[in-house]
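What the coordinates show
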Amino acid sequence: MKKTTVTICTGTTCYIMGASHLQRLDEVLDPALLEQVEIVGSRCLGYCDANGHGKAPFVKVDDQLIADATLDKVLAQIRKTLAKGAL
Ligand code: FES
């Protein structure tokens, strides 16, 4: 089964804007969901320099971009993505 990829930007802007607390995602994610998710860090994804993407920190859940990312927002998107894949 293909895992959902969660890419957490660890670039400077995102880090300063709060991405560091997102590194705890694996600790707060339900173990049943954790098996279906791969969490990776990434250098600057390029969204912080471009207009129209919203505010850092940025996280991607597969192709879905989350701006102003919080653990709650990322968890909600992971659940939504996994639910869509289960259909
Ligand atoms: S530092 Fe995160 S998108 Fe640039």
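So, here is what we can say about the structure in this document. None of these values were measured; they are calculated from a predicted model.

Basis of the calculations
Residues numbered from 1 in each chain as written. Predicted model: local features only at pLDDT ≥ 70, side-chain atom pairs only at ≥ 80, totals over all residues. Heavy atoms only, no water. Salt bridge = Lys/Arg side-chain N within 4 Å of Asp/Glu carboxyl O. Helix = DSSP H or I, 4+ residues; strand = E, 2+ residues; numbered from the N terminus. Buried < 20%, exposed > 50% of the residue type's maximum accessible area, 1.4 Å probe, protein only. Pairing = 2+ DSSP bridges. Axes fitted to C-alpha atoms, helices over the stretch in contact; angles between N-to-C directions.

1. Remarks on the pattern of salt bridges
Counted under the stated rule, the structure contains two salt bridges. Linking aspartate 68 and lysine 55 is a salt bridge whose minimum nitrogen-to-oxygen distance equals 3.9 Å. Of this pair, aspartate 68 sits in the loop between strand E4 (64-66) and helix H4 (71-86) while lysine 55 sits in the loop between strand E2 (37-42) and strand E3 (59-61); the two residues are 13 residues apart in sequence, bridging distant segments of the chain.

2. Thoughts on the environment of isoleucine 16
Counting through the fold element by element, isoleucine 16 comes out in helix H1 (residues 12-16). For the pair formed by isoleucine 16 and alanine 56, sequence separation is 40 residues and the distance between their alpha carbons is 8.7 Å.

3. Describing unusual backbone geometry
Cis geometry marks the peptide bond from alanine 56 to proline 57, where omega comes out at 5°. Within the secondary structure, proline 57 sits in the loop between E2 and E3. For aspartate 62, which is not glycine, the phi dihedral falls at a positive 50°. Take aspartate 62: it is sitting in the loop between E3 and E4. The class for aspartate 62 is partly exposed, based on a relative accessible area of 26%. Although it is not a glycine, aspartate 68 sits at a positive phi angle of roughly 50°. Given a relative accessible area of 33%, aspartate 68 falls into the partly exposed group.

4. Points about the sheet that holds E3
If you trace the four strands from one edge of the open sheet to the other, you get E2-E1-E3-E4, paired in mixed fashion. Strands with a single pairing partner mark the edges of an open sheet, and in this sheet they are E2 and E4. Adjacent strand axes in the sheet meet at a mean angle of 20° when their direction is disregarded.

5. Looking at the environment of glutamate 35
As for its position among the elements, glutamate 35 is in the loop between helix H3 (31-34) and E2. Separated by 46 residues in sequence, glutamate 35 and threonine 81 place their C-alpha atoms 14 Å apart.

6. Here we look at the environment of aspartate 63
Here aspartate 63 is to be found in the loop between E3 and E4. Given a relative accessible area of 72%, aspartate 63 falls into the exposed group. Sequence spacing of aspartate 63 and aspartate 49 is 14 residues, and the spatial spacing of their C-alpha atoms is 19 Å.

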